[in-house]
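Spelled out, the chains give:
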Amino acid sequence: MSDPRFVPLDFQRRPEPEMIARARAFDAEMQRRRSVRHFQDTPVPREVLELALRTAGSAPSGAHQQPWTFVVVTDPALKRRIREAAEAEERENYEHRMSDAWLEVLHPLGTNAEKPFLETAPALIAVFLQTVHVEAGRKVKHYYTQESVGIAVGFLLMALHHAGLASLTHTPSPMGFLEQILERPANERAFVLLPVGYPAEGCRVPDLVRKPLEEIAVWR
Ligand code: IYR
């Protein structure tokens, strides 16, 4: 094995008041992010999606293996196939597979098996987790894939919101149909599906309250 290579860190030390102002402004912006289930069909700029995906790809990952693939679907025929497959699974979920306890905690969100947003949203970003990659004809296992892809999706949600786009973290279950419809290679598993676009005129969202800091953070 060759020696590991290191380069100087590009880091900007900021005065404390500036740090606080930046953290405050960023938090205020992130507090306005909401999961959106009603979209306009207006197309979104490809460049914004590309930049947000670059940001997602800047996430840390286990052994820097970057075990993710983002498939951007804008083709109406593909979106329709995805909607039909997702709704078929979701009908099974809502009618048979989900427990009463699960349906009860979901009730405030007002969701059901109908997923029109999978056709109205101008872009669906299907995120795939790569279990392995092939290097010099050998399979190399990826480590901490769930954590890595989860973090990258977090970066993506923030980047989309920051750029002025709405999204939904959608996990139709099981999601194997995405691997088939989008013809993914054998090393990829569907991780999440993100409809992306502008919120519909007069879009309403569930009246949710976020836990206050005192409830989510402990100092010792
Ligand atoms: N995947 C289903 C059900 C669902 C589950 C959870 I957990 C949610 O936070 C929201 C929905 C659906 O998309 O309707």
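Above this text is the structure in question.
Residues numbered from 1 in each chain as written. Predicted model: local features only at pLDDT ≥ 70, side-chain atom pairs only at ≥ 80, totals over all residues. Heavy atoms only, no water.

**Considerations on the pattern of salt bridges**
To be explicit about the condition: Any carboxyl oxygen of Asp or Glu that lies within 4 Å of a side-chain nitrogen of Lys or Arg is treated as forming a salt bridge with it. Strands are runs of DSSP state E lasting at least 2 residues, helices are runs of H or I lasting at least 4, and numbering of each runs from the N terminus. When a residue's accessible area, from a 1.4 Å probe over protein chains only, is under 20% of the maximum for its type it is buried; when over 50% it is exposed; and in between it is partly exposed.
By the definition in use, this model includes eight salt bridges. Its salt-bridge partner being Arg83, residue Glu119 comes within 3.0 Å of it at the nearest N-O pair. Separated by 36 residues along the polypeptide, Glu119 in helix α5 (residues 117-120) and Arg83 in helix α3 (residues 76-97) bring together distant segments of the chain. With relative accessibility at 25%, the residue Glu119 sits in the partly exposed group. The residue Glu89 makes a salt bridge to Arg97 at a minimum N-O spacing of 2.6 Å. Judged by relative accessible area, Glu89 falls into the partly exposed class, the value being 21%. Sharing partners across several salt bridges, the network here consists of Arg80, Arg83, Glu84, Glu87 and Glu119.

**Some points on the nonpolar core**
Applied cut-off: Grouping buried Ala, Val, Leu, Ile, Met, Phe, Trp, Tyr and Cys residues that are joined through side-chain atoms within 4.5 Å yields what is termed a nonpolar core. In what follows, a contact means two residues having at least one pair of non-hydrogen atoms within 4.5 Å.
In terms of nonpolar packing, the biggest core is built from 23 residues, with Phe70, Ile125, Leu156, Leu160 and Leu194 touching the most fellow members. Secondary structure elements with two or more residues in this core: α2 (46-56), β1 (68-73), β2 (123-130), α6 (145-163) and β6 (188-197). When residues of this core are assigned to their parent elements, the largest contribution, seven residues, is made by α6. Discounting residues that sit within four places of it in the chain, Leu160 has contacts with Leu49, Ala52, Ile125, Leu165, Ser167 and Val196. Counting 22 residues, the second-largest nonpolar core is a separate cluster that includes Phe39, Phe117, Phe128 and Met175.

**Topic: the site of the ligand**
Worth spelling out the cut-off: We call a residue near a given molecule or strand whenever any one of its heavy atoms falls within 4 Å of it. Here a polar contact means two N or O atoms within 3.5 Å. Within protein one must be a hydrogen donor candidate and the other an acceptor candidate, and residues neighboring in sequence count only if both atoms are side-chain atoms. The accessible surface values rely on the Shrake-Rupley method and a 1.4 Å probe; as for residues, cover is taken only from the protein chains in view. The residue classification treats Ala, Val, Leu, Ile, Met, Phe, Trp, Tyr, Cys and Pro as nonpolar and Asp, Glu, Lys and Arg as charged. All others, Gly included, are polar.
Around the ligand lies a shell formed by Glu90, Tyr94, Trp102, Leu106, Leu109, Thr111, Asn112, Lys115, His170 and Thr171. Within the backbone of Thr171, one N or O atom sits 3.4 Å away from a nitrogen atom of the ligand. For the ligand, the protein covers 70% of the area, taking 380 Å² as the surface of the free molecule. Going through the elements one at a time, α3 and α4 (100-106) are the ones with two or more residues in the shell around the ligand. Residue classes in the shell around the ligand are distributed as four nonpolar, four polar and two charged.

**What about the pairing of strand β3 (residues 132-135)?**
Applicable threshold: By the convention used here, strands pair only if DSSP detects at least 2 bridges between them.
Both β3 and strand β4 (residues 138-141) contribute to a ladder of four bridges, which runs antiparallel. Each residue of the ladder has a partner; that of Glu135, found in β4, is Arg138. Between β3 and β4, which follow one another and run antiparallel, lie two residues, and Ala136 among them has a positive phi close to 50 degrees.

**Section: unusual backbone geometry**
Following Ser173, the chain continues into Pro174 via a peptide bond in cis, with omega recorded as -5 degrees. In this structure, Pro174 sits in the loop between β5 (166-167) and α7 (176-181). Here Glu183, not a glycine, exhibits a phi torsion of approximately 50 degrees, which is positive. Topologically, Glu183 is positioned in the loop between α7 and β6. Glu183 gets classed as exposed once you look at its relative accessible area, which sits at 67%.

**A few points about the sheet that holds β1**
Taken together, four strands build an open sheet; the order of strands is β1-β2-β6-β5 and the sheet is antiparallel. Looking at which strands have only one partner, the edges of the open sheet turn out to be β1 and β5. Direction of pairing for β1 relative to β2: antiparallel, over a ladder of six bridges. Bridge pairing links Val73 to Leu124 in β2.

**Section: α2**
Definition in use: Taken from the helix axis, the directions to the C-beta atoms give the arc we talk about.
Along α2, the residues that are buried comprise Leu49, Ala52, Leu53 and Ala56. One face of α2 carries all of its buried residues, which in axial projection span an arc of 100 degrees. What points out from α2, more than 90 degrees from its buried face, is the exposed set Glu47 and Arg54. Where α2 is buried, its residues contact β1, β2, α6 and β6.

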